[in-house]
Each structure stands twice: as C-alpha cells, then as structure tokens.
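Here is how the chains run, residue by residue.
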Amino acid sequence: MAKFIFVTGGVVSSLGKGISAASIACMLESRGLRVTLQKFDPYLNVDPGTMSPFQHGEVFVTDDGAETDLDLGHYERFAHARLTQANNVTSGRIYEQIITRERRGDYLGKTVQVIPHVTNEIKAAIRKVAGDVDVVFVEVGGTVGDIESLPFLEAIRQMRHEVGRENAIFIHVTLVPWIAAAHELKTKPTQHSVKELRAIGIQPDILVCRSERYLAKEVREKIALFCDVDVDAVVTACDVKSVYEIPLTLAAQGVDEIVLRLLKLQAGPRDLTRWSAMVDRLKNPSGTVDIGLVGKYVEYADSYKSLNEALLHGGLAHDVRVNINWVEAEELSWPSCVDRLRQYDAILVPGGFGKRGVEGMIHAIRYAREYKVPYFGICLGMQAAVIEYARNVCGLPDADSTEFEPATPHRVIYKLRELKGVDELGGTMRLGAYPCVLAEGSFARTAYGSPEISERHRHRYEFNREYEDILTSAGMRIAGRTPDGVYVEICEIPDHPWFLGCQFHPEFKSKPLEPHPLFRAFIGAAVEQRKMRLNAKCAASA
C-alpha cells in the first residue's frame, strides 16, 4: 500500500510548498522509491486553462491534455513521475463532479453536504493516483486559515485517520521572518499557523521553515516546543540562488531520513551525485549567453516558468549561464527595435493568446531572420514567424492570423478545423501529446536525433496548408508534420544559422538532468552567435 505525505502551507502564500514537495520526492526517488505528486487547488475554476497568466502564472500541460497548475511542472522537473489530469484537482472540478452525480440521482435522495460527500470525493481523488507507487505527495494549495481550503484539509485529516499514522504524515511549510529592526527571527507566525492546523485536527510531523537566515538551534528548539514537533523535524529552508539547490539543502538536514522513519519505509541509500554535479555546473558556468525573450506577459515571470527553466537546462548542456532578458513586445517597432535587440545572442518568442504585442513579436522575428540571429518560436512564436515570412518574404503584406484579423485576405494561420463553430474557451484547444515526423536534414531532426517525436500542445489556431507552396517556394522549410500529414508542427528557414518555430511546447518536457533537445540546440546556436559577435567586436576595435 502506498504511503501518503500531505503538504500544507501557512502564514503567507508563495512559500514554496510545491518546490518543497518536489525536492523531498527527488530525494526519495534517489533512494529507489517510486513517487507521484498531486496538487489540490481550492479555487472554483474547473482548471486554470481560462485564467490570466498575470493571476495564476503559466498553465502546465500534461501528456493527456490536462491544463494544470504550474507546480506540476516542478513535480516533473524534480522527479520522473508522469502526471495526468488526476494529479491536479480543483474545488471547481470536485463540485462539478458532485453536482453531476446529484442531478443524475446517484445520491438516492440524500442531502448532499461538504461532509461526507465533498470530502469523500477528495479522498477518492487521492486514492486514484496511489496505485503502483510507494509514496504519494499531496500538496494542498492556499494558506491554512483560508475558507476555500477547509474541505481539503478535513479530507486529508480523515485520510490519515483511515490509513493509520504509520502510513501518512503531515509536512507544514511556514515562514520565520527576520525582523531587521530587532535583529532577530520571529517564530510567532509559525506558532499561530500550527495552532490553526491543530484546531482542525492536524498535527504536523515536519515543519519546513522558510527564512532569510539559518535557524539557530535555540530557535528550532523554541518552535519544536510550542508546535509539539521533534527538534530534528524543524527544518530550515533558507533562500537559495537556484531552486535546484533545495534537495541538497534538505538532504543535508536529513529530511528524507525523517520521512522514512516516520513512515517506516525501507529504502536504499540516497544518491544525489548527478543532481549535485548539475547544481555545481549551474553555479560555476564557463561562459554566458544573453537571450532576448520577446513576450506579452513579461511583467510576471511565472507566466513563463517552464520556459525559463528549460532555457537554464539548455545552458547546463553547454556549461553556460543563460541570462534571460525580458522584452515587452508592445514596445518594439521597426526599425528602431534593431538597436535594442542587437545586444542579444538569440531571440525567443513564446506562446500567448490575443492580438496585443503580436506586431512587436513580428518585428523581433524580422530582426532575427534578416540579421541571422538564432531564433526559436514556440506556439504563437511559430505562428508569428509564418506571418512575418509571408509578409516580408512572400510579398503578402496583409498576411495574418484569423485570431488577430478575422477578415484578413491571407489567413496563413487560422482556427483549428475541428474547432469551427466552437465558442467555449475552456478545454477546447488541441491539448496534450501528439506525434510528429521530422524532415531529414532539418534543424529539428539534428537536435532530436530521431525521425519521430511526441510533444505537448496547447493551441487553438494552426498553419494554413493552403499557403504551404507559397511559403516553401520562397525558402521556408516544413520540418515537422503529424504522421497523417494534417498538421504542420515545425517551420524552419534553412538559409539561416538556426531558425525554428514549433507549434508545440517543448519546455514542458525539459528537466535539469535531461535538457530538452530543442533548447540544447538553441542555446548551442546562441553560444556560436556570441563567439561571432564578440570576435567581430574585437576585430572592429583592433
């Protein structure tokens, strides 16, 4: 039977519950245990698919097409669990399922209540992911004390009662702030957070204490005394430069050993050798590259969380630090953008929805194409590249996407054929993993080293095959298609150092120990571009 680790958060949000859970999962996996992770989100949206990136951050897509919380990206990057729709459950989805059953008459005329019906549905969701693994991590979103999360907290309290204390533990991530004026750490917020948990019947077994400073022994002893937790189980989680250091900092404090002891689990010795070597390369690179990321949600870094991480992974593959420079697409115009963009070694245009900023993206793509700077376009970034090529190379100045200009005479990008007549936005895109066949001799085929791949998608518009002959006769290469030839997946410009746009989202499958092939190739091209740029600069000043 699987063991359960329930992770909650207190005092404030954004303390790193997901990173903490993923880091401990990483350590347990290094000992040979099979793990999976699940996230409960208390909001009433069925999924985050229709939420603004400014409010929620990125939407992470799984192989089965689930639009999920960005914490699932952390889970997949730190561990090897393959996650699905079942690994991210919201209040909205729980209530939707209950109301559907009530309307169908499944409750046989009973009064449907939070207890037991809502809590039973939550417990069933937990058990659904517990097959074929040794340990299930369940993260409850939000902060203890929020009204929205109470049903989830009650459900995990019941789960521990049902499976037994040796089969379930509670980890509480909390804050121990440093008060600069008093020159001391304050434990009172943590005490009150644990008090709130205990009031609803949950006694934490481990406290992960976020703090700017390392917790001295007397501070840990004070927290242990007032929160009724073993001193060894009061863990310091100091701020670090990279989240990939966290498994190592928690391992140094023996967190995985405490977990194994509490759950009475037998496991092999911890082996974080590869992880430690990766962190060492990350902290001590031999060089740098500057990437210009031209997007429309650049004010909020979490909007592109997986993309940021995938770029860092690509840097790891070449032992370079990747400096990501955010460029607001709306601020770019032609030709003034040339001077602004020439400082970067490569240009990347990520995904997005809506017309805002698209013209600026097209200007950035024109710069990358004309000045032979490596370019990587993802989803909208590929569509914008097709529009730019049609306008400035194929002589179709009015070329556009029907997303931005429904009446355009040259709709080189248009709505997915199967979505015509579908106006609902939630869950109506082409979502999840689809196969793609790569053209021989293409940048993509060279990067992957394989004739066929599978990548995750999240889009509502596609390349219009009616314009394929016009575009390819002008020099564009169709480098990737679905096996049935229906969808164009990758477009390239062969007469360029490295220019690739893909309809899918490769960032969702990149890991620090397994950098994605396209990001590895893109950063490799940026490294070569930097060498050329610096050599030209030296020659000019000689």
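Here's what I pulled together on the structure shown here. Note that the coordinates shown come from a computational prediction; the quantities given were computed from them, not determined experimentally.

Attention now moves to the pairing of strand 1 (residues 3–9). Taking burial as the measure, the 7 residues of strand 1 include 7 buried ones, the bulk of the element. Alternating residues of strand 1 divide into Lys 3, Ile 5, Val 7 and Gly 9 and Phe 4, Phe 6 and Thr 8, and every residue in both groups is buried. Where strand 1 lies against strand 6 (residues 135–140), 5 bridges are found, and the strand directions are parallel. Bridged to Phe 6 within strand 6 is Val 138.

Close contact between helix 14 (residues 358–370) and helix 15 (residues 380–392) brings their axes to 9 Å; oriented N to C, the two are set at 70°. One element, helix 14, and the other, helix 15, form an angle in the roughly perpendicular class. Judged by the sense of rotation from one axis to the other, the crossing of helix 14 with helix 15 is right-handed. Mapping the contact onto sequence places Glu 359, Met 361, Ile 362, Ile 365, Arg 366 and Arg 369 in helix 14 and Leu 380, Gly 381, Ala 384, Ala 385, Ile 387, Glu 388, Tyr 389, Arg 391 and Asn 392 in helix 15. Residues belonging to the contact of helix 14 with helix 15 are distributed by class as follows: 8 nonpolar, 2 polar and 5 charged.

Going through the model one piece at a time under the given rule, you end up with 45 salt bridges. The partner of Glu 440 in a salt bridge is Arg 445, and the shortest N-O contact between them spans 3.2 Å. Within the structure, one salt-bridge network assembled from shared partners comprises Lys 39, Asp 41, Asp 69, Asp 71 and Glu 139.

In this section: the environment of Arg 101. Of note, Arg 101 is situated in helix 4 (residues 91–104). Judged by its relative accessible area of 34%, Arg 101 is partly exposed. Sequence separation between Arg 101 and Ala 86 is 15 residues; the distance between their C-alpha atoms is 18 Å. When sequence neighbours within four positions are dropped, the list of residues in contact with Arg 101 reads Asp 106, Tyr 107 and Glu 121. Within the local environment of Arg 101, its side chain forms a polar contact with the side chain of Glu 121, the two groups lying 3.0 Å apart.

Basis of the calculations
Residues numbered from 1 in each chain as written. Predicted model: local features only at pLDDT ≥ 70, side-chain atom pairs only at ≥ 80, totals over all residues. Heavy atoms only, no water. Buried < 20%, exposed > 50% of the residue type's maximum accessible area, 1.4 Å probe, protein only. Helix = DSSP H or I, 4+ residues; strand = E, 2+ residues; numbered from the N terminus. Pairing = 2+ DSSP bridges. Axes fitted to C-alpha atoms, helices over the stretch in contact; angles between N-to-C directions. Parallel < 35°, antiparallel > 145°, perpendicular 65-115°, else oblique. Left-handed = near helix turned anticlockwise from the far one by under 90°. Contact = heavy atoms within 4.5 Å. Nonpolar A, V, L, I, M, F, W, Y, C, P; charged D, E, K, R; others polar. Salt bridge = Lys/Arg side-chain N within 4 Å of Asp/Glu carboxyl O. Polar contact = N/O pair within 3.5 Å; in protein donor to acceptor, adjacent residues only side chain to side chain.

Without other data, these values stay purely geometric and don't point to any function.
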